Amino acid sequence: MPLPPRPALLDETLRIVARRYRVPATLAGDTDPTVSSQRHCATRLAVAIDQARQALASATTPPASVKQCFIDALAQLIHEAMRPDQGDPAIQAMVLRHQAPQVREYASLSAGAEADRRDVVAAVNAIAHPAKLERMPAGALRTVLARLQAAASAASWPALAAAVAQLESLRGTASDPGKDLADGPANAPDNTAANDPDNASANAPDNASANAPASDPATDPATDPTNDLALARSLSRLRDGAALERLQRLDELALDSWVRRYQALWNRNGPRSGSPGAVAQGVAAQQRGAAVEARASQALQALADRLNAAPHGNAAYRVVTSMRVPPALPGDADRAKSEWDAALLRRADAPNVPNAPAAPPAAWDVCLLVEAKASVDAASTDFARLLRGLARLAQAEPGMTYPFHTHQGPVPIRGASLAALPTGNTDLSGAVLYCSDAPADPAPRLLNAACRMQLLSAPASVAYASELAQGRPADTRGLQAVWQSLLTSPQWAGVLNQYPQLYLVRELMVHADDLLAAAQQAVM
């Protein structure tokens, strides 16, 4: 069955919907230096970058004036980021890493600290799990193992290292095979098997041993026949492995004054990952995202209702949310959008006769995809994933039907409608929208957050900022390296092309209220 023509009401709605987030298609530089200097340095950077892009696109070298504007604006951006009270704490922390080797060491160790902690705790639990300790008889070994477990639970790495040394000492004094680490002297007879009911089978006939129950994973190590070997393995893992040593070094570095400044800067940058503050932020962000998605789907449902009420509508349109891409769909799923917040669908077998009874739907066609975002920056960050997601959908086999799971249940979608979706950076407006409830900013930021961070964290920028932090006169000529990277390095292509992408994202972005109003006002 061929694809039906797009409904005129849908095209009219998309044509008249207000685009309050729109920006000019190109950025023009201002030849008047006085006017140009009145712009914020981030805006001047965005203009210079786009002028460089346009020059390269026409196979010409960017003018020297554009280069100088870029360098001057970047220098001012760095000055702003390094202001003690109102600057950027993430950049200032980066500069501290550049200046102080102990801060670099601390940052490097911190990156692997969680993996090291898990490794140490696993080694401790292998011999001192609380369930094991509960079943152990009182004695020196149990006391030291309890200290080991307490130190691991409290993340007290010096205390844990001391407990390891005590265990090594206990094992050394018990080198006589007759010694029981739990409570007996070196020359005491080993009556463990005879007195321990769990090991009574040691003196039982062979057939009784064969029928003995399997040992408990949390068995007391002092009564486990392999306890000495298990103890030796775990002690070797703790003593000879580097994880515990790195954690102790991390604690030592945390007392350094430079490291404390570094920690204070990161604390200003937001709560640490896994902390109660970070969890609260995550919950709030989820709630905010859910609210935006709800408003977007309500506006899209109003459009579906208008389409169904129009002549030849015949209840052919519906809205689904959380539309998840099935694994059976061909194409590369790597870093591609795998779930679409909302979609407007048209029943593939909808009758063309007004008020004709609708047949049970066999499949659906995609008319419009909607992504809900809380801000322009969130949409800009998502845009590359959206393009990859569209490219994957467009690789659907036209003759196939694919089962998509949604909040409304499984929905079969025809591959022909997926294959007809546009790909690339152009002609997306009829197929996909970003929907938000964020207010329109009167002076849009023309340099997105990711590009700003890449510019500020370039090695030449960090070196320049380090000179400023030490009160030395900084030479802007060093920032020419950033300009050269911008023009020649593939790693800087995203920065060079950031404004055209920002323009496309803002062209696709509408406010939920505006979409609702357009759906209600559009006329055939």
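Procedures and definitions
Residues numbered from 1 in each chain as written. Predicted model: local features only at pLDDT ≥ 70, side-chain atom pairs only at ≥ 80, totals over all residues. Heavy atoms only, no water. Helix = DSSP H or I, 4+ residues; strand = E, 2+ residues; numbered from the N terminus. Contact = heavy atoms within 4.5 Å. Areas by Shrake-Rupley, 256 points an atom, 1.4 Å probe, with all protein chains shown as cover. Axes fitted to C-alpha atoms, helices over the stretch in contact; angles between N-to-C directions. Parallel < 35°, antiparallel > 145°, perpendicular 65-115°, else oblique. Left-handed = near helix turned anticlockwise from the far one by under 90°. Nonpolar A, V, L, I, M, F, W, Y, C, P; charged D, E, K, R; others polar. Buried < 20%, exposed > 50% of the residue type's maximum accessible area, 1.4 Å probe, protein only. Pairing = 2+ DSSP bridges. Lys, Arg positive; Asp, Glu negative; His and termini not counted. Salt bridge = Lys/Arg side-chain N within 4 Å of Asp/Glu carboxyl O. Polar contact = N/O pair within 3.5 Å; in protein donor to acceptor, adjacent residues only side chain to side chain. Core = buried A, V, L, I, M, F, W, Y, C linked by side-chain atoms within 4.5 Å. Phe/Tyr/Trp six-rings, centres within 6.5 Å; stacked < 30°, edge-to-face > 60°. Lys NZ or Arg CZ within 6 Å of the ring centre and 35° of its normal.

Trainee: Please explain the overall build of the chain as it appears in this structure.
Mentor: Scanning the chain from terminus to terminus reveals 24 helices and 7 strands. Restricting the contact set of the chain to residue pairs at least 6 apart, pairs at least 24 apart contribute 73%. Here the chain has roughly 26000 Å² of accessible surface; of this, 54% comes from carbon and sulfur atoms.

Trainee: Explain the packing of helix H4 (residues 64-81) against helix H21 (residues 480-488) here, please?
Mentor: Relative placement of two packed helices is described by the angle separating their axes and the distance separating the axes. Here H4 crosses H21 at 120°, and the two axes come no closer than 9 Å. Taken together, the axis directions place H4 and H21 in an arrangement best described as oblique. Here H4 runs over H21; the crossing is right-handed. The segment H4 lies against H21, with Val66, Lys67, Phe70, Ile71 and Leu74 engaging Gln480, Val482, Trp483 and Leu486. Grouping the constituent residues of the contact of H4 with H21 by class yields 7 nonpolar, 1 polar and 1 charged.

Trainee: What exactly am I supposed to notice about helix H1 (residues 8-16) here?
Mentor: One turn of the α-helix equals 3.6 residues, which is why residues spaced by three or four share an orientation. Among all positions of H1, only Leu9, Leu10, Glu12, Thr13 and Leu14 are buried. Those residues of H1 hidden inside the fold are in contact with helix H16 (276-309), strand S2 (339-347), strand S3 (364-372), strand S6 (432-436) and helix H24 (512-521).

Trainee: I tried to follow the pairing of S3 on my own but got confused; where do I start?
Mentor: The side chains of a regular strand alternate, residue by residue, between the two faces of the sheet. With 9 of 9 residues buried, S3 lies mostly within the body of the structure. Direction of pairing for S2 relative to S3: antiparallel, over a ladder of 6 bridges. When the bridges of S3 are listed, Arg346 appears paired with Asp365.

Trainee: Please explain unusual backbone geometry as it appears in this structure.
Mentor: Excluding glycine, residues mostly have negative phi values, and the peptide bonds linking residues are mostly trans. Phi at Ala59 is positive, roughly 60°, even though this residue is not glycine. Here Ala59 is to be found in the loop between helix H3 (41-57) and H4. Relative accessible area serves as the criterion here: at 73%, Ala59 is assigned to the exposed category. The phi dihedral of Ala155 falls on the positive side, at around 55°, and the residue is not glycine. With respect to the element layout, Ala155 can be found in the loop between helix H9 (140-153) and helix H10 (157-173).

Trainee: What exactly am I supposed to notice about the side chain of Arg44 here?
Mentor: Within the secondary structure, Arg44 is located in helix H3. Lacking a salt bridge, the buried Arg44 has Asp72 as its closest oppositely charged neighbour, with an N-O distance of 6.9 Å. A polar contact is formed between the side chain of Arg44 and the backbone oxygen of Arg39, at a distance of 2.8 Å.

Trainee: How should I be thinking about the nonpolar core in this particular structure?
Mentor: Inside soluble globular proteins, nonpolar side chains tend to come together where they are buried. Ranked by size, the top nonpolar core spans 75 residues in total, and within it Phe70, Trp340, Leu369, Leu393, Leu418 and Leu455 carry the most contacts. Here this core gets 9 residues from one element, more than from any other, and that element is H4. Residues within four places of Leu418 in sequence aside, it is in contact with Leu329, Val366, Leu393, Ala394, Ala396, Tyr402, Phe404 and Ile413. By size, the runner-up hydrophobic cluster in this structure holds 39 residues, among which are Ala107, Leu109, Ala128 and Tyr262.

Trainee: How should the pattern of salt bridges be read in this particular structure?
Mentor: Two side chains of opposite charge can pair, provided their charged atoms sit close to one another. Evaluation of the coordinates by the stated rule reveals 27 salt bridges. Across the pair Lys337 and Asp382 runs a salt bridge, and its minimum N-O distance is 2.7 Å. Of the two residues, Lys337 sits in the loop between strand S1 (317-324) and S2 while Asp382 sits in helix H17 (residues 376-393), which places them 45 residues apart along the sequence. With respect to burial, Lys337 and Asp382 carry one shared label: buried. Between Lys373 and Asp382 there is a salt bridge whose closest N-O contact spans 3.7 Å. Lys373 sits in the buried class, given a relative accessible area of 17%. Within the structure, one salt-bridge network assembled from shared partners comprises Lys337, Glu371, Lys373, Asp382 and Arg385.

Trainee: I tried to follow the packing of aromatic side chains on my own but got confused; where do I start?
Mentor: Geometry of an aromatic ring pair is reported as the spacing of the ring centres plus the angle between the planes. The full count for this structure, using the stated rule, is 3 aromatic pairs. Judged by centre distance (5.2 Å) and plane angle (55°), the rings of Phe70 and Trp483 are tilted. Taken together, the residues Phe70 in helix H4 and Trp483 in helix H21 connect sequence positions 413 residues apart. The burial state of Phe70 is the same as that of Trp483; both residues are buried. Ring centres 6.2 Å apart and planes at 80° place the aromatic pair Tyr106 and Tyr262 in the edge-to-face group. With Tyr106 in helix H6 (residues 101-111) and Tyr262 in helix H15 (residues 257-268), this pair connects stretches of sequence that are 156 residues apart. Neither Tyr106 nor Tyr262 differs from the other in exposure class; each is buried. Among the aromatic residues, those joined into a cluster by ring pairs are Tyr106, Tyr262 and Trp266. Positioned above the aromatic ring of Trp258, the side-chain terminus of Arg261 is 5.1 Å from the ring centre.

Trainee: Please explain the pairing of strand S5 (residues 409-414) as it appears in this structure.
Mentor: In this sheet, S5 lies alongside strand S4 (residues 401-406) in antiparallel orientation, the contact comprising 6 bridges. Residue pairing across strands places Thr406 opposite Gly409, the latter belonging to S5. In this antiparallel pair of consecutive strands, S4 and S5, the connection spans 2 residues.

Trainee: What exactly am I supposed to notice about the environment of Glu114 here?
Mentor: Mapping Glu114 onto the fold places it in helix H7 (residues 113-128). When the C-alpha positions of Glu114 and Leu247 are compared, they lie 9.4 Å apart, and in sequence the two are 133 residues distant. Among the polar contacts listed, one links the side chain of Glu114 to the side chain of Arg117, at a separation of 2.9 Å.

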